[in-house]
Every structure is written in C-alpha cells, then in structure tokens.
Amino acid sequence: MWGAVVVGVGTAGWVRIKDMLVPLPGSPAANLCVKGFISRRSLEPHQGVSQISTEEAVSREDIHVAFVCTENVLHEDNVRTFLQAGKHVCVEYPMTMSYKAAVELWDLAQKKGVILHEEHIELLTEDFKALQREVEGKILQEGTLHFTGGALKPGFGFQAFSGIARLTWLVELFGELSVAAATMEEDSGNDYSKMTAKLLTSDNRPLTWIEERGPGLPRSKSINFHFDSCTLTQIPPAPRGDVGLFMQDLIHFSAKLAGQVSAEQLHRERTRVLHCLELADRIQQLALK
Ligand code: NAD
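Residues numbered from 1 in each chain as written. Predicted model: local features only at pLDDT ≥ 70, side-chain atom pairs only at ≥ 80, totals over all residues. Heavy atoms only, no water.

**Focus: the overall build of the chain**
Basically, it comes down to this: Working definition: helices are DSSP H or I runs of at least four residues, strands are E runs of at least two. Numbering for both runs from the N terminus. Taken over C-alpha atoms, the radius of gyration is set against a globule rule of 2.2 Å times the number of residues to the power 0.38. The buried label applies to any residue whose accessible area, calculated with a 1.4 Å probe on protein chains only, is under 20% of its type's maximum; exposed applies above 50%, and partly exposed to all values in between. We call two residues in contact whenever any of their non-hydrogen atoms come within 4.5 Å of each other.
Looking only at helices and strands, the chain has nine helices and eleven strands in total. Against the globule reference of 19 Å for 289 residues, the chain gives a C-alpha radius of gyration of 19 Å, in line with a compact fold. In terms of overall dimensions, the chain has a C-alpha envelope of 55 × 45 × 35 Å along the principal axes. Counting across all 289 residues of the chain, residues that qualify as buried make up 49%. Here the contacts in the chain between residues at least 6 apart in sequence split such that 73% fall between residues at least 24 apart.

**Remarks on the site of the ligand**
Applicable threshold: Near is defined per residue: the residue qualifies when any heavy atom it owns lies within 4 Å of the molecule or strand. Here a polar contact is recorded for every N or O atom pair within 3.5 Å, except that within protein the pair must consist of a potential hydrogen donor and a potential acceptor, and residues adjacent in sequence are included only if both atoms are side-chain atoms. All accessibility values rest on the Shrake-Rupley procedure with a 1.4 Å probe; residue burial counts only the protein chains present in the view. For this scheme, ten residues count as nonpolar: Ala, Val, Leu, Ile, Met, Phe, Trp, Tyr, Cys and Pro. Four count as charged, namely Asp, Glu, Lys and Arg, and the remainder, Gly too, count as polar.
In the vicinity of the ligand, 19 residues are found, and the nearest of them are Thr 11, Ala 12, Asn 72, Tyr 93 and Lys 153. Ala 12 has a polar backbone atom sitting 2.7 Å from an oxygen atom of the ligand. Interatomic distance of 3.3 Å between a side-chain N/O atom of Arg 41 and a nitrogen atom of the ligand. Out of a free accessible area of 800 Å², the ligand has 71% covered by protein chains. Residues that form the shell around the ligand fall into these classes: seven nonpolar, six polar and six charged.

**A word on the packing of aromatic side chains**
Threshold: Here a Phe, Tyr or Trp ring, Trp counted by its six-membered ring, pairs with any other such ring whose centre lies within 6.5 Å, and the pair is stacked when the planes are under 30 degrees apart, edge-to-face when over 60, and tilted otherwise. We call a charge positioned above a ring when the Lys NZ or Arg CZ atom is no farther than 6 Å from the ring centre and deviates by at most 35 degrees from the ring normal.
As enumerated under the stated definition, the model contains six aromatic pairs in all. When the ring of Phe 174 is compared with that of Phe 225, the centres are 5.1 Å apart and the planes differ by 85°; the resulting orientation is edge-to-face. Of the two residues, Phe 174 sits in helix H7 (residues 164-174) while Phe 225 sits in strand E10 (residues 220-227), which places them 51 residues apart along the sequence. The same class applies to Phe 174 as to Phe 225, namely buried. Note that Arg 166 overlies the ring of Phe 147, its terminal NZ or CZ placed 3.5 Å from the centroid. The positively charged end of Lys 221 is found above the aromatic ring belonging to Trp 169, 4.4 Å away from the centroid.

**What about the sheet that holds strand E11 (residues 231-232)?**
The test is simple: Each pair of strands is called paired provided DSSP finds at least two bridges between the two strands. Axes here mean lines fitted to C-alpha atoms, for a helix over just the part in contact, with angles spanning 0 to 180 degrees between N-to-C directions.
With mixed pairing, the six strands of this open sheet are ordered in space as E7-E8-E9-E6-E10-E11. Unpaired on one side and paired on the other, strand E7 (177-187) and E11 mark the two borders of the sheet. Where E7 lies against strand E8 (residues 192-201), ten bridges are found, and the strand directions are antiparallel. From the neighbouring strand, Ala 182 faces E8, where its bridge partner is Ala 197. Contacting E7, E8 and strand E9 (206-213), helix H9 (residues 263-287) runs over the sheet at an angle of about 50° to E7.

**Observations regarding the packing of H7 against H9**
The condition is simple: Working rule for angles: under 35 degrees goes down as roughly parallel, over 145 as roughly antiparallel, 65 to 115 as roughly perpendicular, anything else as oblique. Here is the rule for handedness: rotate from the far helix to the near one, and if that takes an anticlockwise turn smaller than a right angle the crossing is left-handed, while a clockwise turn gives right-handed.
At a minimum axis separation of 10 Å, H7 and H9 run at an interaxial angle of 120°. On the basis of the axis angle, H7 is oblique to H9. The hand of the H7/H9 crossing is right-handed. Contacts from Ile 164, Leu 167, Thr 168, Val 171 and Glu 172 of H7 reach H9 at Arg 272, His 275, Cys 276, Leu 277, Leu 279 and Ala 280.

**Structural notes on the environment of Gly 163**
Mapped onto the elements of the fold, Gly 163 is located in the loop between helix H6 (159-162) and H7. For Gly 163, a relative accessible area of 0% translates into the label buried. Once the C-alpha coordinates of Gly 163 and Gly 3 are considered, the two residues, 160 residues apart in sequence, prove to be 31 Å apart. Not counting the four nearest positions on each side in its chain, Gly 163 is found in contact with Trp 209 and Glu 211.

**Digging into the pairing of E10**
Side-chain positions along a regular strand alternate between the two faces of the sheet. The pairing of strand E6 (residues 140-149) with E10 spans eight bridges and is antiparallel. Residue pairing across strands places His 146 opposite Ser 222, the latter belonging to E10. Across two bridges, the pairing between E10 and E11 is antiparallel. Directly across from Phe 225, in E11, lies its bridge partner Leu 232.

**Considerations on the nonpolar core**
Note the threshold: To form a nonpolar core, buried Ala, Val, Leu, Ile, Met, Phe, Trp, Tyr and Cys residues must be joined to one another through side-chain atoms within 4.5 Å.
Of all hydrophobic cores here, the largest spans 62 residues; its most connected members are Leu 116, Leu 199, Phe 225 and Ile 283. Take this core: its biggest share by element is nine residues, from H9. With residues near it in sequence (within four places) discarded, Leu 116 still touches Val 79, Leu 83, Val 89, Val 91, Met 95, Leu 105, Trp 106 and Ala 109.

**Observations regarding the environment of Ala 130**
Of note, Ala 130 is situated in helix H5 (residues 126-135). Residue classification places Ala 130 among the buried residues on the basis of a relative accessible area of 9%. Along the sequence, Ala 130 and Ile 235 sit 105 residues apart, while their C-alpha atoms lie 7.9 Å from each other. Residue contacts for Ala 130: discarding those within four places in its chain leaves Pro 236 and Ala 238.

**Looking at unusual backbone geometry**
Tyr 93 connects to Pro 94 through a cis peptide bond whose omega is -10°. In this structure, Gln 47 is a non-glycine residue whose phi angle is positive, near 45°. Structurally, Gln 47 is set in the loop between strand E2 (32-38) and helix H2 (54-59). Gln 47 gets classed as exposed once you look at its relative accessible area, which sits at 55%.

Taken by themselves, the reported measurements are silent on function.
This is the structure in structure tokens:
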C-alpha cells in the first residue's frame, strides 16, 4: 500500500480524496490509501480523512505519495517540498509556471528515485480520443483551436500555463511545435483577457491557439483544422467513458508507482510535458513583451 496526502482541497483535491476512498477495484489505484489532507484553511475531517500539517506529511514514513492540487502558482514549491522528502508526486497540470523550474523538479525526482507525474485528464476524454482518430493520417494545412471560458481565478497564472491542456492537445495531435508570435489583449477592469499564439508545426504549417476568458463566456473549445483532404470544424461528439477522468489518471499514476509503465512511455510523457511548458514560456515572453 502507498500512503498518500492531498495538498489543496478545492475541486480537484476533493476528487482525489473521493477516488482514493473508492478506487476502481482490481486497479493499481486500490493500493493507494489516503492518510490526510493539507489545507491553508482549518477543515473538519471528511469521511475519516483528517487535516495534517506539511511537516507531519513529509516526515511520516507511512506517507509515500503527495497529490498537489493547489492553485497553479503554488505547485512548484509544493512539488519540491515533497520530492525533497523522497515522496512520489502527482501534480495537477501545469506542473510549474516556468520550463526551467519543471526541468529542475524532474531532475530532483530522478535524483531521489521517485515518480513525478503531471495529470493530463484532457488527453483521457472520449472527445479527444475521437478527434485524434479523425486527425490521424491527415496532412494539416493550417488550423485554429479557440478556447473560451469564465474569468481566470487568482493564482492560476498566465494563460499559456493555465491553458496548457489545450496546448497539450495540439502537441499530441500535430507533434512538436514552435512559437512564431504571441499577443495578449487585456481589459483587467472587466476581467477579460485574450491570448493568441501563432504556432508552427515541424512542416511549417501554421496553427493558431486562442485562449479567451471573461465573465459569462461559455466554457467551450472550437476547432477549424484544414487538411489536404477535408476540413474539420467540430470536435466529434463522443459519449463519456464509464471510468471518471481523474480515476483514469489515478490508475495511470499508480501503475507508474507499481513499475507497470515502461521507461519508454515515461520518457515520452516527460518529453511532451517539458516541450509544452517550454512553448508556454516562449508564448508568455512574446505576449508580454
Ligand atoms: P480550486 O479553485 O477549487 O482550488 C484551488 C485551491 O484553492 C486549492 O488549494 C484549495 O485548497 C483552495 N480553495 C478552494 N476553496 C477554497 C476556499 N473556500 N477557501 C480557501 N481556499 C480554497 O481549483 P481546482 O479546480 O481544484 O484546481 C486545482 C488544480 O487542479 C489546478 O492546478 C488546476 O489546473 C488543476 N485541474 C483542475 C481540474 C478540475 O476539473 N477542477 C482539472 C484538471 C486540472
């Protein structure tokens, strides 16, 4: 069994606790046992799970794993604290707010001989899998992915990082990308912001990624992908899977803990995560110039 602690109990943190209390039977996630949670608030025990301090969590020998579910800007420090203590870490995306910090954390995990995993539930959705099947084998001419959503909460950082799930979609669909240009429009009085990043595929095909946020904007993604053979303007609708997305991620993370994920797969994920963070860094530099 791996004893676990959840750091930050917002939406994601509560789901982590719930999933560990009732894991998918027979999956490696059933070997996780939640021992406590850490919060800046003073919270009552929840379903037998109590609040503990960071000091206690890092020093307890029956705690082997930390789930970092705080706002994005706090991820880096929390991940470092638990890696330093020799604990495995699962961090909600994005791992950090800079590429350099992510490289440091990954090096630290390697030095300590522990697993560092960044959750990417957006890659586990049935919508994404259907889109991936549609795109496979087609040759992109140009494309756009436009995300809209409500105003960004404090502590979630620059849009290229808070929206790394969309960037990760593009990298998974079209391979390594580079950044040609990036701009930012902001109306802070009205909590409105729009980031536009001009990306290029390795074949120099243009891809535009837009993150637009403001009060009342619906949470949605629209695509317009021109291929040599057709144009895709809709994410193919797909019914939800039977297993929740966070549970699927929990199973994947615990399979890593159990040594059931190949070194090649671990390397592929690390490369993708770092590539996306490097792109996000570059977009931020260009957009805020
Ligand atoms: P959240 O706003 O619900 O929680 C964020 C932080 O705020 C947590 O540390 C939590 O402890 C704290 N918090 C929540 N309510 C509070 C309150 N009333 N008073 C004081 N503090 C409070 O955000 P979230 O959706 O849980 O996101 C956490 C992380 O998970 C982020 O990195 C996000 O990118 C990632 N993530 C979330 C989802 C999701 O579906 N929610 C999906 C994928 C990744």
